[in-house]
Amino acid sequence: MSSDRPSDARARGPLWSEPGSLLEHVAVAVCGIDDDNRICYWGPGAQDLFGYRAAEALSRPGAFLFRGTAGGGAEEDVCARMADRGRTEGYWRGRQRVRHRDGTDFDCGFRVFPVTGEAGHTVVMALASRSDELDRVKTNLAFLDALFATCPIGLVMLDEELRYRHLNQALADMNGLPIEEHLGRHLAEIMITSDDGEYERMLRSVATEGRTVKGVRVGMRTRGHPDRDRVLSVSFFPLTQAVGTRPGVGGLLVDVTDQEQAIVEATASRQRLALLDRASARIGTTLDVEVTAQELVDAAVPDFCDGSVVELVDWRNESEAFDPALPVDTRRIASGTVLPAPATELVSGLKVVHYPPGSAIHQMLRSGRPICVPVNDDFLARTVLDASRARLMADSGLVALLLAPLIARGTVQGLAIFGRSARRADFTEQDLSLAGELASRAALCLDNARLYSRERNIGLTLQRALLPSYLAPSPYLHLAHRYLPGSRVTEVGGDWYDVIALPDHRVALVVGDVMGHGVSAAASMGRLRITAKALARHDQEPAELLGELDQCAQEAGIELATCLYIRYDPLTGRTRLASAGHPPPLVRHPDGRIEVIDEVLGVPLGIGGAAFRTAEIGLPDDAVLALYTDGLIEARGRDIDEGLHRLQEELARIPGSLEVAADRILSRLVASSPADDTVLLLARVHRRQ
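About the criteria used
Within each chain, residues carry numbers counting from 1 in the order of the written sequence. Only residues with pLDDT of at least 70 are given local features in this predicted model, and only at 80 or more are side-chain atom pairs given and counted; all residues enter the totals for whole chains, interfaces and linings. The side-chain numbers reported here are obtained from all heavy atoms of the structure, hydrogens and water having been left aside. Here a strand is any run of E in DSSP of at least two residues, a helix any run of H or I of at least four, and the numbering for each starts at the N terminus. Only protein chains enter the area calculation, which uses a 1.4 Å probe; residues under 20% of their type maximum are buried, those over 50% are exposed, and those in between are partly exposed. A pair of strands is labelled paired if DSSP reports no fewer than 2 bridges between them. Only the stretch in contact is used when fitting a helix axis, every axis being a line fitted to C-alpha atoms; angles between N-to-C directions are given from 0 to 180 degrees. Whether two residues are in contact is decided by their heavy atoms, any of which lying within 4.5 Å being enough. Multiplying one less than the number of residues by 1.5 Å gives the expected span of a helix. We define a polar contact as two N or O atoms separated by no more than 3.5 Å, with the added condition that, inside protein, one atom must be a possible hydrogen donor and the other a possible acceptor, whereas residues neighbouring each other in sequence contribute only through side-chain atom pairs. Taking the helix axis as origin, the arc is that swept by the directions to the C-beta atoms. Candidates for patches are residues over 30% relative accessible area with no salt bridge; among them, like charges are joined within 9 Å and nonpolar side chains (Val, Leu, Ile, Met, Phe, Trp, Tyr) within 5 Å. Only the protein chains shown count as covering a residue, and every accessible area follows the Shrake-Rupley method with a 1.4 Å probe. Salt bridge, as used here, is a side-chain nitrogen of Lys or Arg placed within 4 Å of a carboxyl oxygen of Asp or Glu. To define a nonpolar core, start from buried Ala, Val, Leu, Ile, Met, Phe, Trp, Tyr and Cys residues and group those joined through side-chain atoms within 4.5 Å. It is the rotation of the near helix from the far one that decides the hand of a crossing: anticlockwise by less than a right angle makes it left-handed, clockwise makes it right-handed. Any residue that is not Ala, Val, Leu, Ile, Met, Phe, Trp, Tyr, Cys, Pro, Asp, Glu, Lys or Arg is counted as polar, Gly included; the first ten are nonpolar and the last four charged. Charge assignment in this entry is limited to Lys and Arg as positive and Asp and Glu as negative, and neither His nor the chain termini are counted. In this description, the location of a charge corresponds to atom NZ of lysine, CZ of arginine, CG of aspartate or CD of glutamate.

K.L.:
So what exactly am I meant to see when it comes to the overall build of the protein chain here?
P.N.:
Looking only at helices and strands, the protein chain has 20 helices and 27 strands in total. Of all 689 residues assigned to the protein chain, the portion counted as buried reaches 47%.

In C-alpha cells:
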C-alpha cells in the first residue's frame, strides 16, 4: 500500500483534524456481486483498497477477497453469507477480514444492498472502507461534537469577513446572546471594544496572513452585556480551507475577568471616558431646549442605561430657594428607552409630572447630587402618586433609577432620570459620578438654550410690537403681506415693512432690513420704521427721504441697513422709487411679463457719503408689485441670483388671490428652518378712474 494513504499515521496522533470531505478522509471501494457470487463490477476505489485491477477481479468468485476463519471453503461462505443477507434483508452492514493483493489482510467495514441489474438479475452492491479509518473519523467527529457541546471554554469559527459561522454555548453565554443571534453577524456587531479597532485588526491578520495569536488579554463588552466589562484571554488560528468551504479564523476565548480586575477597571474607565466624549460632541449642538434634552437622552441610551427622561422644573420664581415641604412640578421634554412596552408608555406618556413632598426627587434636590434608588414598593408609594403610572413602572422592567439634578450657574434647571433593568449591573459609585458629569454638561447647555430662548422671545416680541399692526387701507391697492421669523435656533432679525397713506390718494410702500440679529437689530428696525413713516408724511421725494433716513441711522449708530421706498400715484400710474442697497422690486405685468426694477441700487443706510437717486416707472392697471427682504431669495446652498430667478418664476404664475400667492411663494422658496427673517409684500395696483 502507498505510504501517503489516509491510514498512514506516521505524523498523526490518535485524534487528527484534517481538511476535506468524508470521502477524502476515508477511501471507499465499490464492487458488485452477481447471483453466482462473482465480481461483476469493480470501481476505481476497489482497486485502491484491495490492490487488484479490474481485469484481475471481474468474473472471479468474490470469495478471493476474504480471509475465512477456517479452511475448506470458509472464504466462499463469508462472501455468500454477506451477499445473501444483502438480498434478503435489503441492507446489511458489518465488518469482515479481507485480503489485499500483496498478501496482507485487514479489517474492513461493509455496507451491502441489492439492485436490479439487466434482464431482472439481482446484483448486490458492496461499499467497503478500512475499519481503522472509519474508527478514526468517527472518533474525531464524536470528539468535536462533545467539545462544542460541553466545553466550558468559548469556541468560535469566523469566516474571512469575521462573521460568526459556528460557536458553542459557552461563548453564547459569555456574550449574553443566543447562538442564533450570532450566526451571520459581524464580530463588531457583538463585541464592544474601546481600542480603536485593534482587536478586529488582529483577527484580520490571522485570516489574511495566517498568523497565530496565543493568550492575548483583551478588555471588552458585548451587546448582550453592554454595561459589563470583561477581560478575555483569546487565542486565534487560521482555519485550513477545506473542499467546498471557505477559509476563516478559529478561536478559543477564556473569561479571566476575576484574575484581571485591573484591566476591567481600566476598560470601564475608558468606556466612561468614551461615553463622556460622545456626549460632549452630541449634547448642545443647537440652542433649542428640547433638542438639547433629547441629545442627553440619546447619549445615555443604551450605552449607559435602558431608559431615560429629562424634565424641567416649573419654578414659580427662579430665585426662590427649594422648599422640601412643597411639591415639585416638572415638564417632561425628552425621553427614550430600549425596553419594550409598557416601558415606552412609561417614559413618553406623560408631559407634566407632580412629585409630592418626601419623594425621591425631593431627596435628590435637597442633596444637590445624583442618587440611586431601587424601584420598589416604598419608592412607588412615595414618588409615584398615580396608581396606573405606578403599575406601568412596576411592569416596565426597570429595577433601579439614577436621579441627577440639572444645575447650572447655581440654578436647578431640572432633572435627568436614568433607569436600568435587571439584565444590567447595579449602578455603582463610578456610575453616579458619570451621571453627575453628564447632567452637569447638559445643564449648562440647557441653560444656554434657555437664556437664548428668553432673549429670542424678547426680541421677537419687540419686533412684532414694532411692526405695523395694520397697513393703511387704499381702494387702489390690494395687499398681501407676510413676516416669517427665522427658525427656533436663529436669532430675531431686523426685517420690516410698512404701507403709508399720502395726500391725494397716493400710497408709499416701504421694506427694510437692519443687518444683524437679536434685540439690538429689532430696536434699530423700530427706529428706522417710525422715522421713515414720519418722513413719508412730509411728501418728500424717495431719494430725499432715504438721505434723511441715512443721517438718522448714522446718528443712532446703525451701521448697516437696507431700505426700499416706493411712492405710487393711482391717478397717473406714476411710481417713483429709491433704494438703499435693498434687493430690487419685481413687477408682474397683466400679460404675465416679469420686470426687475434695478435702476436705483444705492448704498445701504448708515454708511453715509453717497447720494441716493430717484427713478420713475409707470405701472399699468392690475400690475403686481413684489417687495421682499433677502431671506426670501438667499439661503444656504443657493445664491441670490438663483433665488431671484425662482421668485420670478413663481410671480409669473401667481393665482388671482394675492393671499394664496403669498403663501405659495413662501412655501416654495423658504426652507423649513430658515436662517434669516423674511418679509414679502405683494401689492396689486389699480388706476383711479
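K.L.:
It is not clear to me how the sheet that holds strand β23 (residues 586-588) should be interpreted in this structure. Could you clarify?
P.N.:
Note: strands within a sheet are paired through backbone hydrogen bonds, in either parallel or antiparallel orientation. Overall, antiparallel pairing links the five strands, which are arranged β18-β27-β26-β23-β24 in an open sheet. Single-partner strands in this sheet number two, and they are β18 (477-484) and β24 (594-596). Ignoring which end each strand starts from, the neighbouring axes of this sheet average 15° apart. Direction of pairing for β23 relative to β24: antiparallel, over a ladder of three bridges. Bridge pairing in β24 links Val 587 to Glu 595. Where helix α19 (residues 640-652) meets the sheet, its contacts fall on β23, β24, β26 (624-628) and β27 (678-685), and the angle it forms with β23 comes to roughly 25°.

K.L.:
I keep staring at helix α20 (residues 658-669) and nothing clicks. Help me out?
P.N.:
Structural remark: α-helix, 3.6 residues per turn; residues separated by three or four positions point the same way. With 12 residues, α20 extends 16 Å from end C-alpha to end C-alpha; this agrees with the ideal 16 Å at 1.5 Å per step. The inward-facing, buried residues of α20 contact β18, β26, α19 and β27. The N-cap residue of α20 is Ser 657: its side-chain oxygen and the backbone nitrogen of Glu 659 are 3.4 Å apart.

K.L.:
Mind showing me how you'd approach α19 here?
P.N.:
The end-to-end C-alpha distance of α19, which contains 13 residues, comes to 18 Å, matching closely the 18 Å that a straight helix rising 1.5 Å per residue would cover. Within α19 the residues assigned to the buried category are Gly 643, Leu 644, Leu 647, Glu 650 and Leu 651. Down the axis of α19, the smallest arc covering the buried residues is 120°, so these residues share one side.

K.L.:
Where do I start with a nonpolar patch on the surface in this structure?
P.N.:
A cluster of nonpolar side chains, contributed by Ile 153, Phe 237, Leu 252 and Val 254, occupies part of the molecular surface with about 270 Å² of accessible area. Turning to its location among the elements, Phe 237 is positioned in strand β10 (residues 230-239). Relative accessible area serves as the criterion here: at 32%, Phe 237 is assigned to the partly exposed category.

K.L.:
What exactly am I supposed to notice about the nonpolar core here?
P.N.:
The tendency in soluble globular proteins is for nonpolar side chains to be buried side by side. Ranked by internal contacts, the top residues of the largest apolar core, which has 34 residues, are Leu 296, Phe 304, Val 310, Leu 402, Leu 406, Phe 418 and Leu 438. Those elements that place two or more of their residues in this core are α10 (261-282), α11 (289-300), β12 (307-313), β13 (328-337), β16 (398-408), β17 (411-421) and α16 (429-466). Sorting elements by how many residues they give to this core places α16 first, with nine residues. Non-local contacts of Leu 402, meaning those with residues more than four positions away in its chain, are made with Phe 304, Pro 370, Ile 371, Cys 372, Ala 416, Ile 417, Phe 418, Phe 427, Asp 431, Leu 432 and Ala 435.

K.L.:
Explain the pattern of salt bridges here, please?
P.N.:
When the charged atoms of two side chains with opposite charge come close together, those side chains can pair. All told, the structure shown has 35 salt bridges when counted by the stated rule. With its nearest N and O atoms 2.8 Å apart, the salt bridge here joins Arg 424 to Asp 306. Within this pair, whereas Arg 424 is found in the loop between β17 and α16, its partner Asp 306 is found in the loop between α11 and β12, the two being separated by 118 residues in sequence. By the burial criterion, Arg 424 is buried, and Asp 306 matches it. The partner of Asp 663 in a salt bridge is Arg 482, and the shortest N-O contact between them spans 2.9 Å. Here the residue Asp 663 occupies a position in helix α20, and Arg 482 occupies one in strand β18, the gap between them amounting to 181 residues. For Asp 663, a relative accessible area of 41% translates into the label partly exposed. Residue classification places Arg 482 among the buried residues on the basis of a relative accessible area of 18%. Each of Arg 506, Asp 539, Glu 541, Arg 567, Arg 574, Arg 576 and Glu 616 takes part in a single network of salt bridges with overlapping partners.

K.L.:
What's the story with the environment of Gly 414 in this structure? I'm lost.
P.N.:
Checked against the element boundaries, Gly 414 lands in strand β17. Gly 414 gets classed as buried once you look at its relative accessible area, which sits at 0%. Measuring from C-alpha to C-alpha, the distance between Gly 414 and Leu 365 comes to 9.4 Å, with 49 residues separating the pair along the chain.

K.L.:
Whenever I open this one, the packing of α19 against α20 confuses me. Can you help?
P.N.:
Relative placement of two packed helices is described by the angle separating their axes and the distance separating the axes. Following both chains from N to C, one finds α19 and α20 inclined at 150°, their axes separated by 10 Å at the closest point. As α19 packs across α20, the resulting crossing turns out to be right-handed. Along its contact with α19, which presents Gly 643, Arg 646, Leu 647, Glu 650 and Leu 651, the element α20 presents Arg 664, Ile 665, Arg 668 and Leu 669. Across the contact of α19 with α20, the residue classes break down as four nonpolar, one polar and four charged.

K.L.:
Is there a simple way to explain a negative patch on the surface in this structure?
P.N.:
Judged by side-chain charge, Glu 634, Asp 639, Asp 641 and Glu 642 come together as a negatively charged surface patch. Among the secondary structure elements, Glu 634 is positioned in the loop between β26 and α19. Among the residues examined, Glu 634 registers a relative accessible area of 39% and is labelled partly exposed.

K.L.:
How should I be thinking about the side chain of Ser 396 in this particular structure?
P.N.:
Within the secondary structure, Ser 396 is located in the loop between α15 (387-395) and β16. What makes Ser 396 buried here is its relative accessible area of 6%. Apart from the residues within four sequence positions on either side, Ser 396 is in contact with Leu 339, Pro 342, Ala 343 and Leu 346.

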